[in-house]
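Chain and residue survey
Listed below, chain by chain, are the residues.
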Amino acid sequence: MLILLAVAGNRALFGADFFKARESALKPGRWQLGPFQIFPTITLDNLGYTDNVYRYASDPQPGWMADIGVNIKAVSVIGRRFVLVLEGHPYYSYFSTVDTERALNHSLNARVYTWLGGIHLVYSVDYASLRWRPTNEFAAKVRNNYTTQRLEADIGNHSALFLTVYAGLSNLDFSDEGYMSRYDPEIRLNRTEQTAGVKLNLPLFTATLLSLQAELSDFDFDYSIERDGRSLLTALNLRFPEIGHLTGNASLGYKRYFPDNPAYSEFSTMYGSGHVAYRFLRRMRLGIDYNLDNYFSFISPEFYYNQKTAKAALDYYMSRNLRLGFSYLRGRYDYRQLADGALRFRDENQYIEFRVVFRLAGTTGVGLSFRREEWDSQRINLQRSYYFIGGYVTHDF
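Residues numbered from 1 in each chain as written. Predicted model: local features only at pLDDT ≥ 70, side-chain atom pairs only at ≥ 80, totals over all residues. Heavy atoms only, no water.

1. Details of the overall build of the protein chain
Quick note on the threshold: Strands are runs of DSSP state E lasting at least 2 residues, helices are runs of H or I lasting at least 4, and numbering of each runs from the N terminus. Radius of gyration: C-alpha atoms only; globule rule: 2.2 Å multiplied by the number of residues to the exponent 0.38. The contact definition used throughout considers only heavy atoms, calling two residues in contact when any of these lie within 4.5 Å. For the area figures, the Shrake-Rupley method with a 1.4 Å probe applies, and any residue is considered shielded solely by the protein chains shown. Within this scheme the basic residues Lys and Arg register as positive and the acidic residues Asp and Glu register as negative, but His and the chain ends are omitted. For this purpose, a charge sits on NZ of Lys, CZ of Arg, CG of Asp or CD of Glu.
In terms of regular secondary structure, the protein chain is built from three helices and 19 strands. For the protein chain, whose C-alpha radius of gyration is 22 Å, the value lies close to the compact-globule estimate of 21 Å for 397 residues. Counting only C-alpha atoms and orienting by the principal axes, one finds that the protein chain spans roughly 60 × 55 × 45 Å. Excluding contacts between residues fewer than 6 apart, the proportion of contacts in the protein chain whose partners are at least 24 apart in sequence is 56%. For the protein chain, the accessible surface area stands at approximately 18,900 Å², while carbon and sulfur atoms represent 61% of it. Taking the average location of the 44 positive side-chain charges in the protein chain and that of its 41 negative ones, the two points are 9 Å from each other.

2. Quick word on the pattern of salt bridges
So the rule is basically this: By definition here, a salt bridge exists when the distance from a side-chain nitrogen of Lys or Arg to a carboxyl oxygen of Asp or Glu is within 4 Å. Burial classification: accessible surface area is computed with a 1.4 Å probe over protein chains only, and a residue below 20% of its type maximum counts as buried, one above 50% as exposed, and the rest as partly exposed.
Per the stated rule, a full pass over the model turns up 17 salt bridges. Aspartate 396 is the salt-bridge partner of arginine 285, the closest N and O atoms lying 3.8 Å from each other. Placement of the pair is arginine 285 in strand E14 (residues 284-296) and aspartate 396 in the segment after strand E19 (384-394), with a sequence separation of 111 residues. Judged by its relative accessible area of 15%, arginine 285 falls in the buried class. Three or more residues are tied together by salt bridges with common partners; here these are Asp315, Arg323, Glu353 and Arg355.

3. Section: the packing of aromatic side chains
To keep it simple, the criterion reads: Side-chain rings of Phe, Tyr and Trp, where Trp is taken by its six-membered ring, are said to pair if the distance between their centres is within 6.5 Å; with planes under 30 degrees apart they count as stacked, over 60 as edge-to-face, and otherwise as tilted. Both a distance and an angle decide whether a charge sits over a ring: NZ of Lys or CZ of Arg must be within 6 Å of the ring centre and within 35 degrees of the ring normal.
Applying the stated criterion across every chain, the model contains 20 aromatic pairs. Plain terms: the ring middles of phenylalanine 138 and phenylalanine 174 are 6.5 Å apart, the flat faces sit at 10 degrees to each other, and that makes the pair stacked. Residue phenylalanine 138 is located in the loop between strand E6 (119-132) and strand E7 (142-155), and its partner phenylalanine 174 is located in strand E8 (residues 162-175); the two are separated by 36 residues in the primary sequence. By relative accessible area, which is 2% here, phenylalanine 138 ends up buried. Residue class for phenylalanine 174 comes out buried when judged on its relative accessible area of 1%. Grouped by ring-pair contacts, the aromatic residues Tyr295, Phe303, Tyr305, Tyr333, Tyr335, Phe345 and Trp375 constitute a single cluster. We note lysine 73 situated over the ring of phenylalanine 39; from NZ or CZ to the ring centre the distance is 5.5 Å. One Lys or Arg, arginine 279, reaches over the ring of tyrosine 317 and ends 4.5 Å from the middle of that ring.

4. Here we look at helix H2 (residues 18-25)
Heads up, the rule is: Taking the helix axis as origin, the arc is that swept by the directions to the C-beta atoms. Any N or O atom pair separated by 3.5 Å or less is treated as a polar contact, with the protein-specific requirement of one donor-capable and one acceptor-capable atom, and with residues adjacent in sequence counted only for side-chain atom pairs.
By the burial criterion, the buried members of H2 are Phe18, Ala21, Ser24 and Ala25. Take H2 and look down its axis: the buried residues cluster within an arc of 130 degrees, on one side only. Sitting at the head of H2, aspartate 17 places a side-chain oxygen 3.1 Å from the backbone nitrogen of phenylalanine 19.

5. Some remarks on the side chain of serine 327
Turning to its location among the elements, serine 327 is positioned in strand E16 (residues 322-337). Looking at serine 327, the relative accessible area reads 2%, which means it is buried. A polar side-chain atom of serine 327 sits 2.6 Å from a polar atom in the side chain of arginine 355.

6. Focus: the pairing of E19
Rules: Paired strands, in this sense, are two strands between which DSSP finds at least two bridges.
Extensive coverage of E19 is indicated by the burial of eight of its eleven residues. Relative to E19, strand E2 (residues 36-50) runs antiparallel, the two being bridged by four bridges. For threonine 50, the partnering residue across the bridge sits in E19 and is phenylalanine 388. Bridge analysis of strand E18 (residues 364-377) against E19 gives eleven bridges, and the strand direction is antiparallel. When the sheet's bridge partners are listed, leucine 368 is paired in E19 with glycine 391.

7. Concerning the nonpolar core
We count it as follows: The set of buried Ala, Val, Leu, Ile, Met, Phe, Trp, Tyr and Cys residues whose side-chain atoms join them within 4.5 Å is what this entry labels a nonpolar core.
Core analysis: the largest hydrophobic core is formed by 20 residues, its most contacted members being Leu189, Tyr257, Phe296 and Leu338. Breaking this core down by element, the ones donating at least two residues are E6, E7, E8 and strand E10 (208-221). Ranked by residues supplied to this core, first place goes to E6 with three residues. Judged by nonpolar contacts, the second largest core, of nine residues, contains Ala21, Ala25, Val75 and Val122.

The analysis is restricted to geometry; functional conclusions fall outside its scope.
The structure is reproduced here in structure tokens:
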């Protein structure tokens, strides 16, 4: 129900494909340390000024801010049967006027790929400790510690119809260190999630993959045990690294929730997420992002909400080293009761951004951005808005 953001690295691209992971691991890194090729990347985001650190309209706190860190990936081929990938991203969030918002964050990921008699396997462990806004319902940041283990197996030939089976275990722990302590997110959201699923995959063209997915998840809450239950997800997924000028991935499906609490009713929602980019007229790039899902509310334990967001981005390359861009996002969040699924209130938001990006080298660039976001909430105590003007480093020029 809650999005788990992990350092997925190439796992999302390769799945459990040992040979593609091995091919990528054999590429020379910037440095070599023993058996490992090292790929470092500087990360810089949100370097600028905002009129509202907390994003609550009733309590604006202006100030300067920045997220500064480094992403380090180490890969190694071990013999003929194993590929090891280690990736870490520590970064520091700085705020000039609000000491309690300053925080050291980090995420770590380890993956092992192997191949046994036509079965491709990948085992991964993710750990993160982040002070952030885990979902759009959060205005101020909270501390989220999570650990995820996942085992995935591809059975069959990757050039023809093949099967993927996977299982995962996640532990999510929330805590607040300041502004949002009155909401007790740990009481509402701390839980263990167990997931198992299967995908039937059909390769199309050279790298495009079409898959039919079914996934069952079990939710076991530490404190809000009345929320315990299971969900069943069915979805159609399409991944196309490059079809001419079109790249991206898209998922669309249906999710159903089955509560353990007899006082709560079953409910269902459309599910989907995706990002599609299209290059046209040589100098233009259009990007479309969307997300359809449902989430447990941290404000009220008896509520969940359905989220529908869509974002469009248009970039114009004035030259090979300069592009101008514009983005617009629109979102709707319908809050429903777990007891009967009745709609109780709705939030809506919109987001607009103007940007100028300069290429430094390869796909790395420096951007200057102005962003403005506004929320129209039926919950008066959660009205919020903010603007931001500043810079960032991008690796997707």
